[in-house]
Amino acid sequence: MIYTPSILATILFSIIVVTVLGLSIYFARQSSSSKGYFAAGGTIPWGVNGIAFAGDYLSAASFLGICGMIAVAGYDGFLYSIGYLAGWIVALFVIAEPLKRLGKFTFADALDARFNYPAIRLIAGISTLVVSIFYLIPQMVGAGALVTPLLGFPHWVGVVFVGGIVIFIVATAGMKATTYVQFIKGTLLIVFSLVLVISILNKGLSTTPSDSYHEFAVLTAEAVDGRIVSIDQPGYTVVGETEAGGRQFVKLENGGVERWWLIQDSSEGLQLTETLTVTATDDGRTLYNGQPKEAEAFYPVGHMSKLIVNGEEVDATGPIGPFKYIETIEESEVVRFIGTIFAFEGDSVSLWYQEPTAGSEVMRPGLKFKVDEGSTPLSKINFVSLMVALFFGTSALPHVLIRYYTVPSPKDARKSTILAIAAIGFFYILTMYIGFGAMVNGVIDVQSDNMSAPLLAKAFGVFLFAVISAVAFATVLGTVSGLIVASSGAVAHDMMKSLFRRRKISDETRVIIGKVSAVTVGVIAILLGIVFKGMNVSFLVGWAFSIAASANFPAIIMLLFWKKTTAKGIVASVLVGMTSALGIILISPSMLVKYGMDPANALIGLDNPAIISIPLSFLALFIVSLMTQKK
Amino acid sequence: MEHGPAVEYEEHQDISDYKTKIGIRFFAIYSIVFAGFVLINTFAPQLMKVKVILGLNLAVTYGFGLILAAIIMGLAYNAACTKKEREYEQKAKNPAGSGNAPEGGRK
């Protein structure tokens, strides 16, 4: 989409950045020891820790990714919310307190508490690094997506900018600064998301999202022998026709501009409806709806084609209650924009056409996840696999696990987890309204649904847009900081302890190694954030959950509840879980697309590996433990 | 340099066992409800269209219900754990007159 930077947004964004950097400098003095740097000295009050948990967990995936996915695929996006939240139940009821009792700074401490076996620390450290890096990718992609409309910079500048700030936070101050950044960000995110939802409900629903919303034209055409030969409006000339994604499109020239139209049969004959296109021409230009970027002819989209209230068709509802809002969308009809890609005479065309969809279809599963029409056993397994990963992955995420060590006691770990569940659950209910609000308020950027929530805020004024964008940016900062602390802890505390167990490493040296690790992981995250531009951030986070659920969860749960678990069993479990999840992801259909290959050629055909890799990890632990019992 | 936990704390083994026991029970209940949700979504997605309450369909009601259930069960779990912890704190303060005062807190 074409964005104009906002001065107010830039000012608020700058305030957030300065505050965060100020906090880091302030707390830098308190983090010279390992305890201070990696676990904030274990002194964080449970109330602060609970909201920091929420601030840590409600990442770009939750705010940008879920809202964006609901905006384009309806209820299916909300399934991520439910999966992410349900995972906290595992954390609270099974993991939180036992892990706190066993551990010190990292989850490798807990795994190794009974054994003192160096290989456990090494493999757990590697697993933490892998999961963290996979979790960092979507955060950086989200950062890039945010900075473009906020400051007018290209995607990669946003990624480098966020990476730079976070590296500064973590390398200077460690866990205490990270905790307070997450606490502030978590509070702001929930408060301003609530303000946004109140604005959405106060505006209500309308078939005209705004006065400036583009009115999509419809033409009538005549065809002979299946080819368009004439248009009912003067000035249009047929340039070409093509088929893509099971639909027919015609290219028309009018006033020197060539644009693509969707061909549809109707009772009144052939109808041509306007589409959106981004064309990379064979001479290196990029055209938006057939024109250069400066013409500003590329529009935000998403509207209702029929609005039904109590069985009657209306144009607008006025202010509306939260339940009535959902019920009304369900009884009405919304227009979604479906993307397809094709080549035409040397040009590469990305096209989005209108798809009127019954509200009852967008308010139930099936538009993104193939569980209903067009589903296959494999597509259903893929969905179940994702939900399994989300359910078991949360409690195994390194940046969640380390937060159990920042509070004084298991009781505090429990209380902060419950507060986190309440805050996160409330926020996820809000995502339903933000996502559907974006779907029907003409704010979706078809090129990247990640910006749906901030752009929805823009529909309610520049101030709310500026605040929401700044908060979203803080969201990325908070989560990335947590992940980088977890990664640096894994290297400095776990891997170093394993690799150099005979050498004495001083506390100060350990902190220095942690800081160098933070910088290194930050740089890797920046590079990957640039490579994965444009992918939905929630989808990418699903991978991190799959790896965490496969590598870490079986080891934690068996250590806590199966007395025959051995050190070698744990090593085998983490290794098998991590490598099998990673392997399936690397050969998944989505990755084949990234490699420029046909996704139909994928060996396994699953995008979500958890349903295979979690059982494999349990099996490895079970077999190896039985084989290595002490006689 | 070797180091211990970030903060030292004590907890009696009986309390830990009690919390683990009820934690697993709560987890089992929630897992069944969550599994039901996933199974309906996967194998009977049309069922999710059915109107249930306040004009909301099963998909939205079940989804919101899972979120609310997580919060309510979390609070119930905390209440149960806190009650048990207080009982032991009381016993620890007043060992006389208590037939089964806790012995030897665990670090």
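Definitions and cut-offs
- Residues numbered from 1 in each chain as written.
- Chains lettered and ligands numbered in written order.
- Predicted model: local features only at pLDDT ≥ 70, side-chain atom pairs only at ≥ 80, totals over all residues.
- Heavy atoms only, no water.
- Helix = DSSP H or I, 4+ residues; strand = E, 2+ residues; numbered from the N terminus.
- Buried < 20%, exposed > 50% of the residue type's maximum accessible area, 1.4 Å probe, protein only.
- Contact = heavy atoms within 4.5 Å.
- Areas by Shrake-Rupley, 256 points an atom, 1.4 Å probe, with all protein chains shown as cover.
- Lys, Arg positive; Asp, Glu negative; His and termini not counted.
- Charge placed at Lys NZ, Arg CZ, Asp CG, Glu CD.
- Axes fitted to C-alpha atoms, helices over the stretch in contact; angles between N-to-C directions.
- Parallel < 35°, antiparallel > 145°, perpendicular 65-115°, else oblique.
- Left-handed = near helix turned anticlockwise from the far one by under 90°.
- Nonpolar A, V, L, I, M, F, W, Y, C, P; charged D, E, K, R; others polar.
- Buried area = accessible area lost by both parts, 1.4 Å probe.
- Salt bridge = Lys/Arg side-chain N within 4 Å of Asp/Glu carboxyl O.
- Domains from an automatic or database assignment.
- Polar contact = N/O pair within 3.5 Å; in protein donor to acceptor, adjacent residues only side chain to side chain.

So, the overall build of chain A
Move 1: Secondary structure assignment for chain A yields 22 helices and 13 strands.
Move 2: Along the longest, intermediate and shortest principal axes, the C-alpha atoms of chain A span 85 × 55 × 50 Å.
Move 3: Split into buried and exposed, the 631 residues of chain A put 63% on the buried side.
Move 4: Contacts in chain A between residues at least 24 apart in sequence constitute 77% of all its contacts with a sequence separation of at least 6.
Move 5: Per element, the accessible surface of chain A, about 21700 Å² overall, is 61% carbon and sulfur.
Move 6: Charge-centre separation for chain A: the mean point of 42 positive side chains lies 26 Å from the mean point of 42 negative side chains.

Observations regarding the packing of helix α10 (residues 322–331) of chain A against helix α14 (residues 410–440) of chain A
All names here are of chain A.
Move 1: Contact geometry of α10 with α14 gives a least axis separation of 11 Å together with a crossing angle of 45 degrees. It follows from the interaxial angle that α10 and α14 lie oblique. At the point where α10 passes α14, the crossing takes the left-handed sense. Residues Pro322, Phe323, Tyr325, Ile326 and Ile329 of α10 lie in contact with α14, whose contacting residues are Met432, Tyr433, Phe436, Gly437 and Val440.
Move 2: Of the residues belonging to the contact of α10 with α14, the class tally is nine nonpolar, one polar and no charged.

With respect to the interface of chain B and chain A
Move 1: Contact residues are listed per partner, giving 51 residues for chain B and 64 residues for chain A.
Move 2: Overall, the association of chain B and chain A removes approximately 4900 Å² of surface from exposure, summing both partners, and the carbon and sulfur fraction of that is 69%.
Move 3: Our enumeration of links across chain B and chain A arrives at four salt bridges.
Move 4: Salt-bridge contacts for Glu330(A) lead to Lys51(B); the nearest nitrogen and oxygen are separated by 3.4 Å.
Move 5: Residue assignment for the side of chain B that touches chain A shows that the elements contributing at least two residues are α1 (13–43), β2 (56–57) and α2 (58–93) of chain B.
Move 6: Considering each element in turn, the side of chain B that touches chain A owes the most residues, 17 residues, to α2(B).

A short note on the pattern of salt bridges
Move 1: Enumeration over the complete set of coordinates arrives at 14 salt bridges over all chains.
Move 2: Residue Lys19(B) pairs with Glu85(B) through a salt bridge whose shortest N-O separation is 2.7 Å. In this pair, Lys19(B) is assigned in helix α1 and Glu85(B) in helix α2, connecting sequence segments 66 residues apart.
Move 3: Lys19(B) gets classed as buried once you look at its relative accessible area, which sits at 2%.
Move 4: The class for Glu85(B) is buried, based on a relative accessible area of 5%.
Move 5: By sharing partners, the salt bridges in this structure join Glu361(A), Arg364(A), Asp372(A) and Lys49(B) into a single network.

Description of the domain arrangement of chain A
All names here are of chain A.
Move 1: Parsing chain A into structural domains produces domain 1 (7–21 + 48–205 + 389–627) and domain 2 (218–362).
Move 2: At the junction of the two partners, domain 1 supplies 21 residues and domain 2 supplies 29 residues.
Move 3: A combined buried area of about 1900 Å² lies between domain 1 and domain 2, and 66% of that area is made up of carbon and sulfur atoms.
Move 4: Counting every contact that joins domain 1 to domain 2 gives zero salt bridges.
Move 5: Counting across the interface, domain 1 meets domain 2 through nine residue pairs in polar contact (both at pLDDT 80 or more).
Move 6: Every element with two or more residues in the side of domain 1 that touches domain 2 is listed here: α9 (175–203) and α14.
Move 7: A total of six residues in the side of domain 1 that touches domain 2 trace back to one element, the largest contributor, which is α14.
Move 8: Tallied by class, the residues present in the side of domain 1 that touches domain 2 amount to 13 nonpolar, seven polar and one charged.

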